There are 2 protein chains.
Amino acid sequence: MRKPQLTRAEGLPERVTIYEVGARDGLQNEDAIVDVAVKAEFVRRLVDAGLTTIETTSFVHPKWVPQLADAAELLTALDLPSGVRAPVLVPNERGLDRALAAGVREIAIFASATETFARKNLNSTLDEQFAMFTPTVERALDAGLAVRGYVSMCYGDPWEGDVPVEQVVQVTARLAELGCHELSLGDTIGVATPGQVIDLIGALGQAGVGVDRLAVHFHDTYGQALANTLTALREGVTTVDSSAGGLGGCPYAESATGNLATEDLVWQLDGLGIRTGVDLEKLVTTSTWMSTHLGKPSPSRVVQALAG
Amino acid sequence: MRKPQLTRAEGLPERVTIYEVGARDGLQNEDAIVDVAVKAEFVRRLVDAGLTTIETTSFVHPKWVPQLADAAELLTALDLPSGVRAPVLVPNERGLDRALAAGVREIAIFASATETFARKNLNSTLDEQFAMFTPTVERALDAGLAVRGYVSMCYGDPWEGDVPVEQVVQVTARLAELGCHELSLGDTIGVATPGQVIDLIGALGQAGVGVDRLAVHFHDTYGQALANTLTALREGVTTVDSSAGGLGGCPYAESATGNLATEDLVWQLDGLGIRTGVDLEKLVTTSTWMSTHLGKPSPSRVVQALAG
C-alpha cells in the first residue's frame, strides 16, 4: 500500500481523536440484521486497527431500530482493553437504565437543531426535547458517566432548508449547560460548505462553547465532508466523527452516501502528519470484511482504491 | 433542488474559473467509442450550463486514443458562442498541425513530473520531453495560440512513489519559460493531501511561477480532491480543473474514481458564495444524460444525490 507523503500544514493540530461511529450510526441504517457475533468482531477489529473511541450501539427502543436490539448482548460479548472508550447512544431515561445495567461508562444523546426533525425523530418540539434530555443527563452525570451531545441538522434540514446559526448555537449551548462534555455538530444531510463551518464554530465560541468541547460530524452526501472537516481542524477542532468504510447513510437524504469514511479521513491526516493512532491498512481490511458481510461495496474512496 | 446556503469564507477568491475537462480527459478514458454527435451535444450542454472554458478533445494520434480520433470532426460540429474558450490537447508538432488546420485558438500540452511516467506516457526521459514540447509551443505561440502546460504526477507516482517538490518545480518552471500562460498541477493518481499542495504552490512562487499562472487538477481516487482544491484556493489559485459528472479515471490508478467532479466543486463554491457562472441544476442534468449514454452511474456525489 502506498503511504501518503508526510507534510505538516500550518495551523493544524498535531493529533486528532477519531470518534468512530460505524458500529452504531453506520449499522443502524442497514436493513438486514447483522449477527451480534459479527458486530462484536467488527468492534474488535476496529480496536485492533488503533481506534480508541468507538460508539458501539444504541439503547433506543428495539421497535424503532431493530438492528440494535442486541445492544446489551453486544456489550457483554465485547471485552475491550482499558484505554478504549465505548460510548453508547441513549435516547431517554429508559435507555439510560438499560445502559447502566450493561455497565456503560459513557453515553451520547441525540438532539435536533430544527423543529421539524425534532418532531419527526423525537416526536417533540425543539424545546420539549430538553424535557427528555434533562433528567437523562442529570442521572447519567450523577452515576459518573460522561455524556456527549449530538446536535443534528446543524447546516440544513430537508424540510426547513437553511437553519439559522443562532438556533444551532442555542441548542448546542443548552446541551453544554446540561453538562455534556462534548458537542458533536452534525451535518445530517451533508449540505454544508466551509464558510458555514467557520461561522458556526465562531458563533459557538462567542456563546461560550469553546472549540475544545466541539466535535464535527460531516456526511459526504454532496462530497463535502472532508473539506469541511479540514476547515474545522483549522478552526481548532480536534475531535472528528467518522465511520469505517463510510458505513451508514442518512435515511432523510436522497442519496445512499452518508458518513465521512474513516479511511478517507485517515488518508488526509496521515498525509498531513497528524497523529490518529490508526493503522490504515488494517482499517481498510476491516471495512472490506464488513462490506462482504453486508453484501455491498464500501462508499469510501480509499477502500475502493486500495481494496480493488 | 436544495441550494446550498451562501456564506463567504475569508481568504477565498470572489470568482473561480472552472476549466472543464470532461469532454477530453473524461471521455478519453472510456473504452466504448462515443458518437461524435453525442460529444458535440455534450459540449453544447456544458456551454448551456454556463461553463466557459472547455477542453474539447485531443489531437493525439488516433492509434493511442481511438476515442478521440474524431477530434477534427467534433470541432467542425461545434459552433461555440464567442466568449467560450475551447482548448484542445496537442502532444507534438503533428498534433499542432491538425489543431491549426481545425482553426483551434488554444492548446494544452501534457508533461510529466517524473522519469517513469515520461517514459510510459511519452516514451521519453524527463529532459527529452522538452525536445518535443519546445518546437510545438514555439510554433503555437508564433501562430498566436495560447498554450497551457499540464504537469502530471506532481504529488506522487505509481512507480516512483513520492515526487520531490524541486523536480515538479523544475518541470513547471521550464514550461512557464517556454511560454505556457497557465500551468495545471496534476495529482494524476489522487494521493495528495493539503500540506503538499501548500508546499508546491509556495515553492513555485519562490521559483518565479506565480499563483496567477497556476491551475490545480486533483483526482478524487482517495477522496482528497475537494479538500486539496479548497487548500489551493486559500493559497490564491483561481483556476480549477474538473470534470462534469466526475468523468474519467486514471488508467494507472487502482480505482475507477478519477477527476474531481465539477458538480461537487460547484456545490462547494456556490455555498461559499464564489461565482463560477455555472448552473448546477443544468450541469447535473447534463451529467445524468451523459451517464445514460455511457451506461454507468456518475461517480459524482452531487450527481448521485440529486439525480437519485
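Higher on the page you've got the structure.
All values reported here derive from a predicted model rather than from experimental measurement. (Residues numbered from 1 in each chain as written. Chains lettered and ligands numbered in written order. Predicted model: local features only at pLDDT ≥ 70, side-chain atom pairs only at ≥ 80, totals over all residues. Heavy atoms only, no water.)

With respect to the overall build of chain A
Tallying secondary structure elements over chain A gives 12 helices and 8 strands in all. Each of the three principal axes of chain A carries a C-alpha extent, and together these read 50 × 45 × 35 Å. By residue count, 62% of the 308 residues in chain A fall in the buried class. Looking at chain A alone, contacts between residues at least 24 apart form 76% of all its contacts between residues at least 6 apart. With 24 positive and 39 negative side-chain charges, chain A shows a spacing of 4 Å between the two charge centroids. (Helix = DSSP H or I, 4+ residues; strand = E, 2+ residues; numbered from the N terminus. Buried < 20%, exposed > 50% of the residue type's maximum accessible area, 1.4 Å probe, protein only. Contact = heavy atoms within 4.5 Å. Lys, Arg positive; Asp, Glu negative; His and termini not counted. Charge placed at Lys NZ, Arg CZ, Asp CG, Glu CD.)

Details of the packing of helix 9 (residues 225-234) of chain A against helix 9 (residues 225-234) of chain B
Where helix 9 of chain A meets helix 9 of chain B, the closest approach of the two axes is 7 Å, and the angle between their N-to-C directions is 50 degrees. As summarised for this structure, helix 9 of chain A and helix 9 of chain B are arranged oblique, according to the angle between their axes. Regarding helix 9 of chain A and helix 9 of chain B, the two cross each other, and that crossing is right-handed. For the pair helix 9 of chain A and helix 9 of chain B, contact is made by Leu226, Ala227, Leu230, Thr231 and Arg234 of chain A and by Leu226, Ala227, Leu230, Thr231 and Arg234 of chain B, respectively. Tallied by class, the residues present in the contact of helix 9 of chain A with helix 9 of chain B amount to 6 nonpolar, 2 polar and 2 charged. (Axes fitted to C-alpha atoms, helices over the stretch in contact; angles between N-to-C directions. Parallel < 35°, antiparallel > 145°, perpendicular 65-115°, else oblique. Left-handed = near helix turned anticlockwise from the far one by under 90°. Nonpolar A, V, L, I, M, F, W, Y, C, P; charged D, E, K, R; others polar.)

Side note on the environment of Leu175 of chain B
Residue and element names in this part refer to chain B. Its location among the elements puts Leu175 in helix 7 (residues 165-178). Accessibility expressed as a relative area gives 0% for Leu175, which makes it buried. It is 26 Å that separates the C-alpha atoms of Leu175 and Leu75, two residues lying 100 residues apart in sequence. Beyond its immediate chain neighbours, meaning those up to four positions away, Leu175 contacts Ile109, Ala111, Phe130, Phe133, Gly149, Tyr150, Val151, Cys180 and Leu183.

A word on the environment of Ser300 of chain B
Residues and elements named next belong to chain B. By the element assignment, Ser300 lies in the loop between helix 11 (280-294) and helix 12 (301-307). Classification of Ser300 by relative accessible area gives buried; the value is 0%. For the pair Ser300 and Leu265, spaced 35 residues apart in the sequence, the C-alpha separation amounts to 9.8 Å. Residues contacting Ser300, with those up to four places away along its chain left out, are Gly245, Gly246, Ala261, Glu263 and Asp264. A polar atom in the side chain of Ser300 sits 2.7 Å from the side chain of Asp264. (Polar contact = N/O pair within 3.5 Å; in protein donor to acceptor, adjacent residues only side chain to side chain.)

Topic: helix 8 (residues 194-206) of chain B
Over its 13 residues, helix 8 of chain B runs 19 Å from end to end, which matches the ideal 18 Å to within 8%, given 1.5 Å per residue. Buried within helix 8 of chain B we find Pro194, Gly195, Gln196, Val197, Leu200, Ile201 and Leu204 of chain B. Buried residues along helix 8 of chain B sit against helix 9 and helix 10 (262-271) of chain A together with helix 7, strand 6 (182-187), strand 7 (214-218) and helix 9 of chain B. (Expected span 1.5 Å × (residues − 1).)

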